[in-house]
Amino acid sequence: MSTLPIFMTCAAGVESLLDEEIKRILPGAKIYPQRGGVRLDGGPSEVMALNLHSRLAQRVLIQVGEIQYANATASDEPPFRRDAADRTQAVDENALYEMALGIDWTQWITPQQTMRVDSKATNSPIHSLNFANLRIKDGVCDSLRNATGERPSVDTRAPDLPLVLHLGPQWASLYVDSSGEPLFKRGWREDKGDAPLKETLAAAMLAAAGWRGTPDAGGALMDPCCGSGTIAIEAAQIARNMAPGMQRRFAFERLAPFCSTEMRAQWQRLKSQAKSAERPCAVPIHCSDVAFRMVDFARRNAERAGVLDCIEFHGGDALERPAPVLPDGMSGTLMMNPPYGERIEVRGKAGVHSLTSRDVAGNEERQATDSDFFSRLASHWKRAYTLQTPGWTAWLLCPDMKLPNLMRLKAARRVPMWNGPIECRLFRFDLVAGSARDKPASLIH
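Residues numbered from 1 in each chain as written. Predicted model: local features only at pLDDT ≥ 70, side-chain atom pairs only at ≥ 80, totals over all residues. Heavy atoms only, no water.

## Quick look at the pairing of strand β1 (residues 4–9)
Thought 1: Taking burial as the measure, the 6 residues of β1 include 6 buried ones, the bulk of the element.
Thought 2: One ladder, built from 6 bridges, connects β1 with strand β3 (residues 37–42); its direction is antiparallel. Considered in β3, the bridge of Met 8 is made with Val 38. (Buried < 20%, exposed > 50% of the residue type's maximum accessible area, 1.4 Å probe, protein only. Helix = DSSP H or I, 4+ residues; strand = E, 2+ residues; numbered from the N terminus. Pairing = 2+ DSSP bridges.)

## Observations regarding the sheet that holds strand β16 (residues 422–430)
Thought 1: Spatial strand order, β12-β11-β10-β13-β14-β16-β15: 7 strands in an open sheet with mixed pairing. A strand with exactly one partner marks an edge of an open sheet, and here the two such strands are β12 (311–315) and β15 (413–419). Recorded for the sheet is a direction-independent mean angle of 20° between the axes of neighbouring strands.
Thought 2: Of the strand pairs in this sheet, strand β14 (residues 392–398) and β16 are connected by 6 bridges, and their pairing is antiparallel. (Axes fitted to C-alpha atoms, helices over the stretch in contact; angles between N-to-C directions.)

## Describing the side chain of Asn 51
Thought 1: The residue Asn 51 is located in helix α2 (residues 44–53) in this model.
Thought 2: Among the polar contacts made by the side chain of Asn 51, one reaches the main-chain carbonyl oxygen of Val 47 at a distance of 3.0 Å.
Thought 3: Of note is the side chain of Asn 51, whose polar atom sits 3.0 Å from the side chain of Ser 178.
Thought 4: Setting aside residues up to four positions removed in sequence, Asn 51 forms contacts with Val 60, Ser 178, Ser 179, Leu 183, Gly 245, Phe 250 and Phe 252. (Polar contact = N/O pair within 3.5 Å; in protein donor to acceptor, adjacent residues only side chain to side chain. Contact = heavy atoms within 4.5 Å.)

## With respect to helix α6 (residues 230–239)
Thought 1: Burial of α6 is extensive: 10 of the 10 residues sit out of reach of the surface.
Thought 2: Taken together, the buried positions of α6 are occupied by Thr 230, Ile 231, Ala 232, Ile 233, Glu 234, Ala 235, Ala 236, Gln 237, Ile 238 and Ala 239.
Thought 3: Summarising the contacts, the buried residues of α6 are in contact with α5 (199–208), β10 (220–223), β11 (285–289), α8 (292–305), β12 and β13 (332–336).
Thought 4: The first or second residue beyond α6 is Asn 241, which carries a positive phi of 60°.

## As for the packing of helix α1 (residues 15–25) against α2
Thought 1: Axis separation between α1 and α2 bottoms out at 10 Å; the angle between their running directions is 120°. Taken together, the axis directions place α1 and α2 in an arrangement best described as oblique. Viewed along their axes, α1 and α2 form a crossing whose handedness is right-handed. The residues of α2 that touch α1, namely those facing Glu 21, Ile 22 and Ile 25, are Ala 49, Leu 50 and His 53.
Thought 2: Looking at side-chain class alone, the contact of α1 with α2 contains 4 nonpolar, 1 polar and 1 charged residues. (Parallel < 35°, antiparallel > 145°, perpendicular 65-115°, else oblique. Left-handed = near helix turned anticlockwise from the far one by under 90°. Nonpolar A, V, L, I, M, F, W, Y, C, P; charged D, E, K, R; others polar.)

## Some points on the packing of aromatic side chains
Thought 1: Throughout the structure, instances matching the rule amount to 8 aromatic pairs.
Thought 2: With centroids separated by 5.9 Å and ring planes inclined at 85°, the aromatic side chains of Phe 250 and Trp 267 adopt a geometry described as edge-to-face. With Phe 250 in the loop between α6 and α7 (261–276) and Trp 267 in helix α7, this residue pair connects regions lying 17 residues apart in the sequence.
Thought 3: With a relative accessible area of 5%, Trp 267 lands in the buried category.
Thought 4: Between Phe 373 and Phe 374, the ring centres sit 5.3 Å apart and the planes meet at 70°, which makes this aromatic pair edge-to-face. One exposure class covers both Phe 373 and Phe 374, and it is buried.
Thought 5: One aromatic cluster is present, built from ring pairs that chain together Phe 250, Phe 252, Phe 258 and Trp 267.
Thought 6: Against the face of Tyr 32 rests Arg 39, its NZ or CZ located 4.1 Å from the ring centre. (Phe/Tyr/Trp six-rings, centres within 6.5 Å; stacked < 30°, edge-to-face > 60°. Lys NZ or Arg CZ within 6 Å of the ring centre and 35° of its normal.)

## Let's talk about the pattern of salt bridges
Thought 1: One pass over the structure, following the stated rule, counts 19 salt bridges.
Thought 2: Close ionic contact of Arg 116 with Asp 118 constitutes a salt bridge, the shortest N to O distance being 3.0 Å.
Thought 3: Classification of Asp 118 as partly exposed rests on a relative accessible area of 34%.
Thought 4: Note that Arg 304 is salt-bridged to Glu 190, the shortest N-O span being 3.8 Å. With Arg 304 in helix α8 and Glu 190 in the loop between β9 (171–177) and α5, this pair connects stretches of sequence that are 114 residues apart.
Thought 5: A relative accessible area of 27% means that Arg 304 is categorised as partly exposed.
Thought 6: Classification of Glu 190 as exposed rests on a relative accessible area of 57%.
Thought 7: Connected through shared salt-bridge partners, Arg 55, Arg 186 and Glu 234 make up one network. (Salt bridge = Lys/Arg side-chain N within 4 Å of Asp/Glu carboxyl O.)

## Considering unusual backbone geometry
Thought 1: Phi at Asn 241 is positive, roughly 60°, even though this residue is not glycine.
Thought 2: Note that Asn 241 resides in the loop between α6 and α7.
Thought 3: Relative accessible area serves as the criterion here: at 32%, Asn 241 is assigned to the partly exposed category.
Thought 4: The backbone phi angle of Arg 408 is positive, close to 55°, even though this residue is not glycine.
Thought 5: With respect to the helices and strands, the residue Arg 408 is situated in the loop between α11 (403–407) and β15.

## Quick look at the environment of Leu 52
Thought 1: Here Leu 52 shows up in helix α2.
Thought 2: Taking the C-alpha atoms as reference points, Leu 52 and Phe 250, 198 residues apart in sequence, are found 9.0 Å from one another.

## Looking at the layout of surface pockets
Thought 1: Of the volumes computed, that of the second largest pocket is approximately 560 Å³.
Thought 2: Residue lining of the second largest pocket: 22 residues in total, with Glu 21, Arg 24, His 53, Arg 55 and Asn 241 positioned closest to the centre.
Thought 3: Listed by contribution, the elements that provide at least two residues to the lining of the second largest pocket are α1, α5, α6 and α7.
Thought 4: Among the residues making up the lining of the second largest pocket, the classes are represented as 12 nonpolar, 5 polar and 5 charged. (1 Å grid on protein atoms, 1.4 Å probe; cavity = no way out; pocket = protein on both sides within 12 Å on 5 of 7 lines; lining within 4 Å. Points joined across faces, edges and corners; volume = space filled by probe spheres on them.)

## Description of the pairing of strand β8 (residues 161–167)
Thought 1: Of all 7 residues in β8, 7 are buried, a share of seventy percent or more.
Thought 2: Side chains of β8 alternate between two faces, with Leu 161, Leu 163, Leu 165 and Leu 167 and Pro 162, Val 164 and His 166 buried alike.
Thought 3: Alignment of strand β6 (residues 114–121) against β8, held across 7 bridges, turns out to be parallel. Bridge assignment links Lys 120 to a residue of β8, and that residue is His 166.
Thought 4: Note: β8 against β9, 5 bridges, orientation antiparallel. By the bridge assignment for β9, Leu 167 is matched with Ala 172.
Thought 5: The hairpin turn running from β8 into β9, its antiparallel successor, is 3 residues long.

Here's what the structure looks like:
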């Protein structure tokens, strides 16, 4: 496989963080952040390294085709600009078929293997995604039949060749999905509760906070609403420098460009190097949850992830849980994806309080519950994390843009992030004794 454009998808708001991560994985790579992801050029070696090491990307896609519609203008750029001669002008599903037919699929799979086409559209003039998928499938099958006399079959569950078709307002691009299952599926989370946080979003929260798992980059970590343990487990793997893709398989392992003896040996070397780069955890990591069942889930997930010995688990309400005692000179990071009505109901004392003082209905009642939880959480932090155990910074992911007012705390930062379809902000609060208005400006940044 010659060098081709690679597009790494990610959640909205994570593009700049993914840019920084790729620079660490592939020093010297030319990277171009775009909405919804990052693009770069690369070959099989880069594809393998990115799948193995990226914590923030959702998929690693390899572009194999592109067409531009007849009415496209110079400002209507597709995700990748290839040579103009490579882009035909079209506006219907037949052009999608011709694009797929013109690709040499013998370089990717054999007729004995399977395939699947998925599509995503943004303001596309092509209205039937099912028909678009069908035309791409027909093009792939006819291309292989013309070359070999046989055609592959379709497997909707675990295809050897997963294809992704992106349909924009003026262009269409076809990709080979080298990841297969999305990268947030690390291979260790089998126990989960309601509205689990994706591993990639947990990693993005830690990256936005500058938490690297060392005493001088975030220090200790505490998640008092841990659920199934996603944030704490991601943090522990970061602290131990564990590659997130070590415990899973990827679609590229069944594709021809990666199946030669040389490439298989290189893949094994990459994994061996990643394993040898692991290190002991250098900072304390704590997590707790009001539901003891979830604490058990978190503990089992941590064991499967290989970081059980790195995390201290507790049960208890976030409104009562005391702050962990920090080692001398070490700061601490509170990292929370707290309950909010669009995901799960507030539990513990705030939840009980709301049920016994019900006087409104519907969303207004839910907002009152959230407000009570967050105001009481801030009061608890002032007691436990500023007066008794100072040195903490808190980060909360929440869709309510008025959260600082609810908590009566000054937000030092607001990082836009999306939790699935929910637009959120990752709020940073510097926990200092007294009022933030009494502190020097240098402490409120």
